[in-house]
Every structure is written in C-alpha cells, then in structure tokens.
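# Fold and contact review
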Amino acid sequence: MIISQLSIAPVGKGVNLGRYVKDVINILERNDVKFETNAMATVIETEDIKTLFEVVEEAHKAVMDSGASRVITELKIDDRQDKPATIESKLKSIE
C-alpha cells in the first residue's frame, strides 16, 4: 500500500485556495482513491505507485487548467513493503 501526502498550490492566485483544493478532492473522489484532507495537505492511500502518479498528474493538470500559469506540487511518498500499511494503521500506531 502506498501512503502519500499531496499539496498543490497555484502561484499568483491570491491567498484563498479553497476552490483549487475542492477541484483536487473531486478528482480523488472520481478516481475512487482513499484520502483525508487536513489543514495543510491531503493524505492519499493507493494500491500502487502507478495509480498514485496518475491521480497526482490529473490533479496537477486540473489546477494548471484552472488558469494558473505556475503551480507548485509537493508529493511525499511512503512505500512500505515489509508489512501492510494504511492511513488507519499509521494513526493507530501513535495512539
């Protein structure tokens, strides 16, 4: 299982970015990807890295297509192979 953290921000589009976050959330929902959005980023869980990259590419492109001439996309990937890992299992380990 791949767990990642995604943040996509258009540059020069002001300080209110909620509409761009909503666009990315719609893409994640449409692709049936498990995710949790927090105040700073979105945590995504996918079965494989290919799926993750495809969804991130679609989300990045959607923000670009919304009129941004520059977009910063940050992606952090946790690809654990020694045991199953999910968003829930990571959170449970710190309880």
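Residues numbered from 1 in each chain as written. Predicted model: local features only at pLDDT ≥ 70, side-chain atom pairs only at ≥ 80, totals over all residues. Heavy atoms only, no water.

## A look at the overall build of the protein
Each helix and strand in the protein was counted, giving three helices and four strands. When the elements of the protein are put in sequence order from the N terminus, they spell out β-α-β-β-α-β-α. In terms of overall dimensions, the protein is globule-like: its C-alpha atoms have a radius of gyration of 14 Å, near the 12 Å expected for 95 residues. For the protein, contacts bridging at least 24 residues in sequence account for 71% of all contacts bridging at least 6. (Helix = DSSP H or I, 4+ residues; strand = E, 2+ residues; numbered from the N terminus. Rg over C-alpha atoms; globule rule 2.2 N^0.38 Å. Contact = heavy atoms within 4.5 Å.)

## Let's talk about the pairing of strand E2 (residues 34–37)
Note: E2 against strand E3 (residues 42–46), four bridges, orientation antiparallel. When the bridges of E3 are listed, Lys34 appears paired with Glu45. (Pairing = 2+ DSSP bridges.)

## Some remarks on the nonpolar core
With 16 residues, the main nonpolar core has Leu6, Ile8, Val24, Leu28, Ile44 and Val63 as its most contacted residues. Elements supplying a minimum of two residues to this core: strand E1 (2–10), helix H1 (18–30) and helix H2 (49–65). Looking at this core element by element, the count peaks at five residues for H2. Discounting chain neighbours no more than four positions away, the residues touching Leu28 are Val33, Phe35, Thr42, Ile44 and Val55. (Core = buried A, V, L, I, M, F, W, Y, C linked by side-chain atoms within 4.5 Å. Buried < 20%, exposed > 50% of the residue type's maximum accessible area, 1.4 Å probe, protein only.)

## Section: the sheet that holds E1
Strand order in the open sheet formed by four strands is E2-E3-E1-E4, and the pairing between neighbours is antiparallel. On the outer flanks of this sheet lie E2 and strand E4 (71–79), each paired with one strand and no other. Ignoring which end each strand starts from, the neighbouring axes of this sheet average 20° apart. Relative to E4, E1 runs antiparallel, the two sharing nine bridges. By the bridge assignment, Gln5 is partnered in E4 with Lys76. Together, E1, E2 and E3 form the strand contacts of H1, whose direction differs from that of E2 by roughly 160°. Sheet strands touched by H2: E1, E3 and E4. Its angle to E4, the strand with the most contacts, is close to 165°. (Axes fitted to C-alpha atoms, helices over the stretch in contact; angles between N-to-C directions.)

## What to know about H2
Compared with the 24 Å implied by 1.5 Å per residue over 17 residues, the 24 Å span of H2 between its first and last C-alpha is a close match. When we look at burial in H2, the residues that qualify are Leu52, Val55, Val56, Ala59 and Val63. All buried residues of H2 project into a common sector of 100° when viewed along the axis, lining one side. Facing away from the buried side of H2 by over 90 degrees, the exposed positions are Lys50, Glu57 and Asp65. On its buried face, H2 is in contact with E1, H1, E3 and E4. (Expected span 1.5 Å × (residues − 1). Arc of directions from axis to C-beta.)

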